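A closer look at the structure
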Amino acid sequence: MSSHTSSHKPRVAVVFGGRSSEHAISVLTAGAVLRAIDRDKYDVLPIGITSDGRWALTADDPERMAIADRRLPSVAELAESPEGGVVLPVDPTNREVVYTEPGTVPKALGEVDVVFPVLHGPYGEDGTLQGLLELSGVPYVGSGVLASAVGQDKDYMKRVFTSFGLPVGPYEVIRPREWENDPAAARKKIVDFAAEHGWPLFVKPARAGSSIGITKVDDLSGLDEAVEEARRHDPKILVEALLRGREIECGVLEFADGPRASVPAEIPPVSAHDFYDFEAKYIDSADGIVPAPLSAEETAKVQELAVAAFEAASCEGLVRADFFLQDNGEFVINEINTLPGFTPISMYPRMWQESGVSYPELIDRLLQAALQRSTGLR
């Protein structure tokens, strides 16, 4: 066990990559976080999770965690070895991380004081990793098991928001068995929804992020294909009505006295893309407007709703809340992200930058909040 003397710097395991379709985005985020962590204040241990789920020791080399020639990075390319694995003991009395390679003696990597999970999507942002860390007794940045799961599942997210009186847009859910057992009835459900709310519709996976697997459907002819595309990412799908209005985002960050909202941002319509899709978000880096050109009343309203959403889902640490400001002047909450895009050009850090919290300071605040939080029920 390492002796916790006054000179002991907290050891941060930055865990990134993962099994979701957002693997590469997570690697980009990790590179940015590793660049910005204050090394005088923290020791850092980068741990990458490969696309097939192996926990690998990776080089502390942010330069290799970037997009090069529109090519996305992966943990497999960064791993110290093709077979070695990192093991976090599921034992709250032991935070010693161990590295094993076939045919060699396991090597202790020392204790971890806090985990910064920068994983997006399933198997990372959805409560699964958070559950592992709770069992291991290791504090971590961001929301706990429930809030992470609610933040990943757009079906239950909307139900939670509705129950707290927060405004959500019209939607319909098609559960796995509905489509598998009676596709005609499921299709009729969607067609009836379109009859009530009009085309186009958005068909999306219930539990994916980064705009992956979403199709804008203009009429009946494109429906089956859109459903199959969404089901490639998640057997449960969501159908949403088109909300006409402006896309407004707001960051929430936990301070000692509770959550506070950042200045909001606006995502202008992206001309080259049909909507704010994966390419627009990450490869072409959409130009968000920070702060959003809103009236003082609109700004106050969206900040209030963002904090209310954070509280409704029992979030911790950080959240990006995404809204539509409809043509009638009303805000509708589209979704929350419990681990929003986190590179310096991402909207969440940009909104905080504009609110007076720099990127390195943001990371420090999140780590400090995690270190002060108890694990278990809180």
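In this report, we go over the structure that sits alongside the text. Since the structure is predicted, the reported quantities are computational estimates derived from the model, not experimental observations.

Before going further, it helps to spend a moment on the packing of aromatic side chains. Each aromatic ring pair is summarised here by two numbers: the centre-to-centre distance and the angle between the ring planes. This structure, assessed with the given rule, holds five aromatic pairs. Summarising the aromatic geometry, the rings of F116 and F342 are spaced 6.0 Å apart at their centres and angled 70° between planes, so their arrangement reads as edge-to-face. Of this pair, F116 sits in strand 7 (residues 114–117) while F342 is found in the loop between strand 16 (331–337) and helix 11 (347–354), placing the two residues 226 residues apart along the sequence. F116 gets classed as buried once you look at its relative accessible area, which sits at 1%. Centre to centre, the rings of F323 and F331 are 6.1 Å apart; their planes meet at 80°, and the pair counts as edge-to-face. Both residues of the pair, F323 and F331, belong to the buried class. In textbook terms, an aromatic cluster arises when at least three aromatic residues are bridged by ring pairs, as seen for F116, F342, Y348 and Y359. The cationic tip of R159 hangs over the ring face of Y156; the distance from NZ or CZ to the ring centre is 5.9 Å.

Here we take up the sheet that holds strand 7. Spatially, four strands are ordered 3-2-1-7 in an open sheet, and the strand pairing comes out mixed. The open sheet has two edge strands, strand 3 (55–57) and strand 7, and neither has a second partner. Direction aside, neighbouring strands of the sheet carry axes that sit 30° apart on average. Sheet analysis places strand 2 (residues 43–49) next to strand 3, joined by three bridges and oriented antiparallel.

The next subject is helix 8 (residues 223–231). Counting along an α-helix, one turn takes 3.6 residues, and residues three or four places apart therefore face a common direction. Among the residues making up helix 8, those that are buried are L223, A226, V227, A230 and R231. Across the axial projection of helix 8, the buried residues extend over an arc of 135°, all falling on one side. Contacts made by the buried residues of helix 8 are with helix 6 (176–181), helix 7 (183–197), strand 9 (201–205), strand 10 (215–217) and strand 11 (237–241).

What follows is about the pattern of salt bridges. Applying the stated criterion to the full structure yields 26 salt bridges. One salt bridge connects D155 with R175, and the closest N-O pair in it is separated by 3.0 Å. One end of the pair, D155, is in helix 5 (residues 154–163); the other, R175, is in the loop between strand 8 (171–174) and helix 6, with 20 residues separating them in the sequence. The network of salt bridges with common partners includes D153, D155, R159, R175 and K236.

Reading the values: the criteria
- The residue numbers shown here count from 1 along each chain, following its written sequence.
- Predicted model: local features are reported for residues with pLDDT of at least 70 only, side-chain atom pairs are reported and counted for 80 or more only, and whole-chain, interface and lining totals are derived from all residues.
- Side-chain measures were taken over the full set of non-hydrogen atoms in the model, leaving aside hydrogen atoms and water.
- Two rings from Phe, Tyr or Trp (for Trp, the six-membered ring) form a pair when their centres sit within 6.5 Å of each other. Planes less than 30 degrees apart are called stacked, planes more than 60 degrees apart edge-to-face, and all others tilted.
- Strands are runs of DSSP state E lasting at least two residues, helices are runs of H or I lasting at least four, and both sets are numbered from the N terminus onward.
- Think of it in three bands: residues with accessible area under 20% of the maximum for their type are buried, residues over 50% are exposed, and the middle band is partly exposed, with areas taken using a 1.4 Å probe on protein chains only.
- As a reminder, the over-ring test applies to NZ of lysine and CZ of arginine, requiring each to be within 6 Å of the ring centre and within 35 degrees of the ring normal.
- Whether two strands pair comes down to DSSP finding at least two bridges between them.
- To get an axis, a line is fitted to the C-alpha atoms, and for a helix only the part in contact is used. The angle between two axes follows their N-to-C directions and goes from 0 to 180 degrees.
- The reported arc concerns the directions from the helix axis to the C-beta atoms and nothing else.
- Contacts: residue pairs with any heavy atoms within 4.5 Å of one another.
- Whenever Lys or Arg places a side-chain nitrogen within 4 Å of a carboxyl oxygen from Asp or Glu, that contact is recorded as a salt bridge.

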